[in-house]
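Structural overview for review
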Amino acid sequence: MPAFNAAKYIAASIQSVLDQTYQNFELIIYDDGSSDQTREIIQSFSDPRIKTILADQNQGLIVARNAIAKKAQGKYIALLDCDDIAEPTRLEEQVAYLEGDQCDMCGSAYWTINEQSGVRKKSKQKYSNADLKALLTIGSPFCNPTVMGKAEIFKELPYLQQHKHAEDYAFFVEAALKGWRFTNLKSRLLTYRLHENQISVVQGEPAREVFKKMQLHYLEGMNIGSAYCPRPMSFMDRLRYAMPMIKMLNQHIRGISMMANYEIYARFQFRGNGILTPFTRLERLMVSTVASLYGRLA
């Protein structure tokens, strides 16, 4: 749990870990030079399973996460942001799944709660290894604070400063290219807060630049050229680039669902097509269906 000026939320996040049904854990909290009451709140908990790293100056999220991974002694590392709430069975369910050797890293479905409106919503996820790796071509398929994975992955693939602002996406790309297996559990194991001070909200253009670089790196790692990168294009260009890209992707990753192919192909189309919308949706449906059948039969 990295923390910086999180006095408003961190007590509830810490307590959600201490209340887990699975009790054999260490909770490593990195206070990244907070200037509010964060450190005092952390130190008010007396549970011996809490291990702290107290930085004198703010070093940033990448330094914090790498320090936590280096200090961790467990077989698995579970991520949790200092403003989110883990459901009581989160660790139990993810450890059980990982112990079954069905994957190397798993996230989960989750709840979002909007701090301003109070509205609570269910996430919309994909769950299989094939779908998650396919969706990495257009974005991160994980909610980062739901992720638990083998400790060796986090130690082998440290977060890098050149990936700042999109370090999570870069980490998942490198893990996928290394062949680690992914899953999202269908249980909703986290409540994810949406508020205006989140790093994901304020990072902006630098994040987009890093994302684009890693997106191209991922495509090239699957022998799909940068010309096939998903982006809005005309119908004739979709014939030239989008349809071959979907075919190559399904050759490289077997078992991609029709809905994942549908979501990826949509990125090649322009939004707001007006009267043409039914036709673009039909095109999307036809291409994604054929691609999924091809991926299973080829």
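Below is a summary of the structure that appears in this document.

The rules behind these values
- Residues numbered from 1 in each chain as written.
- Predicted model: local features only at pLDDT ≥ 70, side-chain atom pairs only at ≥ 80, totals over all residues.
- Heavy atoms only, no water.
- Salt bridge = Lys/Arg side-chain N within 4 Å of Asp/Glu carboxyl O.
- Helix = DSSP H or I, 4+ residues; strand = E, 2+ residues; numbered from the N terminus.
- Buried < 20%, exposed > 50% of the residue type's maximum accessible area, 1.4 Å probe, protein only.
- Core = buried A, V, L, I, M, F, W, Y, C linked by side-chain atoms within 4.5 Å.
- Contact = heavy atoms within 4.5 Å.
- Pairing = 2+ DSSP bridges.
- Axes fitted to C-alpha atoms, helices over the stretch in contact; angles between N-to-C directions.
- Parallel < 35°, antiparallel > 145°, perpendicular 65-115°, else oblique.
- Left-handed = near helix turned anticlockwise from the far one by under 90°.
- Phe/Tyr/Trp six-rings, centres within 6.5 Å; stacked < 30°, edge-to-face > 60°.
- Lys NZ or Arg CZ within 6 Å of the ring centre and 35° of its normal.

Scanning all chains against the criterion turns up 12 salt bridges. We note a salt bridge from Lys51 to Glu26, for which the minimum N-O separation is 3.4 Å. With Lys51 in strand 3 (residues 50-55) and Glu26 in the loop between helix 1 (10-18) and strand 2 (27-32), the pair connects residues that are 25 residues apart, well separated along the chain. Overall, the relative accessible area of 28% leaves Lys51 in the partly exposed class. Measuring nitrogen to oxygen at the nearest pair gives 2.8 Å for the salt bridge that ties Asp104 to Lys150. On the criterion of sequence distance, the pair formed by Asp104 in the loop between helix 4 (90-99) and strand 6 (105-114) and Lys150 in strand 8 (residues 148-150) is long-range, its members being 46 residues apart. Comparing Asp104 with Lys150, the two get one shared label, buried. Salt bridges sharing common partners tie together Asp101, Asp104, Lys150 and Arg181.

Another aspect to go through is the nonpolar core. Ranked by size, the top nonpolar core spans 55 residues in total, and within it Phe182 and Leu249 carry the most contacts. Take this core: its biggest share by element is seven residues, from helix 7 (residues 167-177). If sequence neighbours within four positions are ignored, Leu249 has contacts with Ala134, Thr137, Met222, Ile224, Ile256 and Ile264. Listed in part, the 28 residues of the second largest apolar core include Ile10, Ile14, Phe25 and Tyr192.

We now examine the environment of Ser288. Relative to the helices and strands, Ser288 resides in helix 12 (residues 277-297). Apart from the residues within four sequence positions on either side, Ser288 is in contact with Met258, Asn261 and Tyr262.

Our next topic: the environment of Lys122. One can find Lys122 in strand 7 (residues 120-122). The sequence separation of Lys122 and Leu249 amounts to 127 residues, and the corresponding C-alpha distance is 29 Å. Apart from the residues within four sequence positions on either side, Lys122 is in contact with Tyr110, Trp111 and Arg188.

Further remarks concern the sheet that holds strand 1 (residues 2-3). Two orientations exist for strands paired in a sheet by backbone hydrogen bonds: parallel and antiparallel. Taken in spatial order, the three strands line up as 1-2-3 in an open sheet, and their pairing is parallel. Bordering the open sheet on either side are strand 1 and strand 3, each of which pairs with just one other strand. Relative to strand 3, strand 2 is paired through six bridges, and the arrangement is parallel. The residue of strand 3 that forms the bridge with Leu27 is Ile50. Where helix 1 meets the sheet, its contacts fall on strand 1, strand 2 and strand 3, and the angle it forms with strand 2 comes to roughly 165°. Contacts from helix 3 (residues 61-71) reach strand 1, strand 2 and strand 3, with the element oriented near 150° to strand 2.

Another aspect to go through is the packing of helix 10 (residues 235-252) against helix 12. With their axes 9 Å apart at the nearest point, helix 10 and helix 12 run at an angle of 30° to one another. In this view, helix 10 runs roughly parallel relative to helix 12, as classed from their interaxial angle. Along this stretch, helix 10 crosses helix 12, giving a crossing that reads as right-handed. When helix 10 is examined against helix 12, the residues Phe235, Arg238, Met243, Ile246, Lys247, Asn250 and Gln251 are found in contact with a partner set consisting of Glu283, Val287, Ala291, Ser292, Tyr294 and Gly295.

Alignment of strand 5 (residues 85-86) against strand 9 (residues 182-194), held across two bridges, turns out to be antiparallel. Bridge pairing in strand 9 places Ile85 opposite Thr191. Examined bridge by bridge, strand 6 and strand 9 share nine bridges and lie parallel to one another. Across the sheet, the residue bridging to Met105 is Phe182, located in strand 9.

Aromatic ring pairs are defined here through the distance separating the ring centres and the angle between the ring planes. The final tally for this structure, using the stated rule, is nine aromatic pairs. Between Tyr110 and Tyr192 the ring centres are 6.1 Å apart and the planes differ by 70°, which places this aromatic pair in the edge-to-face class. Taken together, the positions of Tyr110 in strand 6 and Tyr192 in strand 9 put the pair 82 residues apart, joining distant regions of the chain. Overall, the relative accessible area of 16% leaves Tyr192 in the buried class. On the numbers, 5.1 Å between centres and 20° between planes, the contact of Phe154 with Phe171 is stacked. With Phe154 in helix 6 (residues 151-156) and Phe171 in helix 7, the pair connects residues that are 17 residues apart, well separated along the chain. Sitting over the ring of Tyr159, Arg65 keeps its end group 5.4 Å from the ring centre. Positioned over the ring face of Trp111 is Arg188, at 5.7 Å from the centre of the ring.

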